[in-house]
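Each chain, letter by letter, is given below.
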Amino acid sequence: MSISKVMVVGAGQMGAGIAQVCAQYGFTVKLNDIAEEAIEKGKNGIEKRLVRAVEKGRIEEAEKEQTLGNLSYTTEIHDASDCDLVIEAVVENMDVKTKIFQTLDGIAPEHAILASNTSSLPITEIAAVTERPSQVIGMHFMNPVPVMKLVEIIRGLQTSNETYQSIKDVTEKICKSPVEVNDFPGFVSNRILMPMINEAIYTVYEGVASPDDVDTVMKLGMNHPMGPLTLADFIGLDTCLYIMEVLYEGFGDSKYRPCPLLRKYVKAGWLGKKSGRGFYTYEN
Ligand SMILES: NC(=O)c1ccc[n+]([C@@H]2O[C@H](COP(=O)([O-])OP(=O)(O)OC[C@H]3O[C@@H](n4cnc5c(N)ncnc54)[C@H](O)[C@@H]3O)[C@@H](O)[C@H]2O)c1
């Protein structure tokens, strides 16, 4: 199936990045959000990143203009009626996502593929609320989208080979590297990353070392570009806790229990960089 028109639902940090990259590689993209302010913020972010890319010589002015020309913005989800692919990137909440998929199922053309950028929620469950489960798939981009090469492609139980192949082709067309994974809690990326972050939090909780020292051990000793606690602050501690809960519940295995210190920080509103305080403090 040939894909040329794409809608991205959710203009937050992930959605805006996904829309930018798709537009940069020639797709016609509609960026949708329920909130006008989110669209405005997403649009400004895209323009700023493209201007910076031109200044740094990474792209030509013509490419910037072409990318902007490929993009349009809408608060009207019914505009998905002529799209070949819809990529959902709204909040990580099953109720919100399933409602959107049900709505999209009634709007998008019969041939359209519906993809979710969820970091942890089961694709099979999202697909089951639609009449086209074979055309529902996970496309898990990494943050920040314009920089990170990986896209985990998650097959739900009923995802067809044709759907998988089309999404693999789109991923390669936008110059990302697809990796195919099956639908299990946390997929591959967060099943490995989150327990490491959780364990790093345990070492602080048990007084083994300070956050700074834990991060230094992992940076200098393991060659990680960023320490796990800095990374947790960037991802958002609420998101980290949410994903640990998905792993804990999904596998029913106590090895995934979230660290009490992580719960405490989230309860205190210490959510990391976005709230100005997590394992470190930030001036936003
Ligand atoms: N932040 C990350 O590092 C990261 C990485 C990979 C995947 N993800 C996943 O991507 C998704 C989005 O995350 P984010 O960090 O961009 O969140 P975000 O909070 O920055 O953006 C979410 C956007 O969705 C919009 N929204 C909410 N309900 C909507 C609706 N019904 N219709 C249209 N728009 C709606 C909100 O207005 C907001 O602008 C989540 O599923 C998350 O798990 C996040």
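Residues numbered from 1 in each chain as written. Predicted model: local features only at pLDDT ≥ 70, side-chain atom pairs only at ≥ 80, totals over all residues. Heavy atoms only, no water.

## Brief notes about the domain arrangement of the protein
Thought 1: Here the domain parsing of the protein yields domain 1 (5-182) and domain 2 (189-275).
Thought 2: Computed over C-alpha atoms, the centres of domain 1 and domain 2 are 27 Å apart.
Thought 3: Contacts between the two partners involve seven residues from domain 1, matched on the other side by five residues from domain 2.
Thought 4: Of the roughly 520 Å² buried where domain 1 meets domain 2, counting both sides, 51% is carbon and sulfur surface.
Thought 5: Scanning the region where domain 1 abuts domain 2 turns up zero salt bridges.
Thought 6: Between the two partners, domain 1 and domain 2, sit three residue pairs in polar contact (both at pLDDT 80 or more). (Domains from an automatic or database assignment. Contact = heavy atoms within 4.5 Å. Buried area = accessible area lost by both parts, 1.4 Å probe. Salt bridge = Lys/Arg side-chain N within 4 Å of Asp/Glu carboxyl O. Polar contact = N/O pair within 3.5 Å; in protein donor to acceptor, adjacent residues only side chain to side chain.)

## Looking at the packing of aromatic side chains
Thought 1: Here the structure, examined in full by the defined rule, presents five aromatic pairs.
Thought 2: Each ring, one from tyrosine 202 and one from tyrosine 205, has its centre 6.0 Å from the other, and the planes form 70°; the classification is edge-to-face. Here the residue tyrosine 202 and the residue tyrosine 205 both occupy positions in helix H7 (residues 189-205), the gap between them amounting to three residues, near one helical turn.
Thought 3: On the numbers, 5.0 Å between centres and 40° between planes, the contact of tyrosine 265 with phenylalanine 279 is tilted. One end of the pair, tyrosine 265, is in helix H11 (residues 260-268); the other, phenylalanine 279, is in the segment after H11, and 14 residues separate them in sequence. The two residues tyrosine 265 and phenylalanine 279 agree in class, both being buried.
Thought 4: Three or more aromatic residues joined by ring pairs form one cluster here, namely Tyr265, Trp270 and Phe279.
Thought 5: Lysine 173 extends its terminal NZ or CZ atom over the ring of phenylalanine 27, reaching a point 4.3 Å from the ring centre. (Phe/Tyr/Trp six-rings, centres within 6.5 Å; stacked < 30°, edge-to-face > 60°. Helix = DSSP H or I, 4+ residues; strand = E, 2+ residues; numbered from the N terminus. Buried < 20%, exposed > 50% of the residue type's maximum accessible area, 1.4 Å probe, protein only. Lys NZ or Arg CZ within 6 Å of the ring centre and 35° of its normal.)

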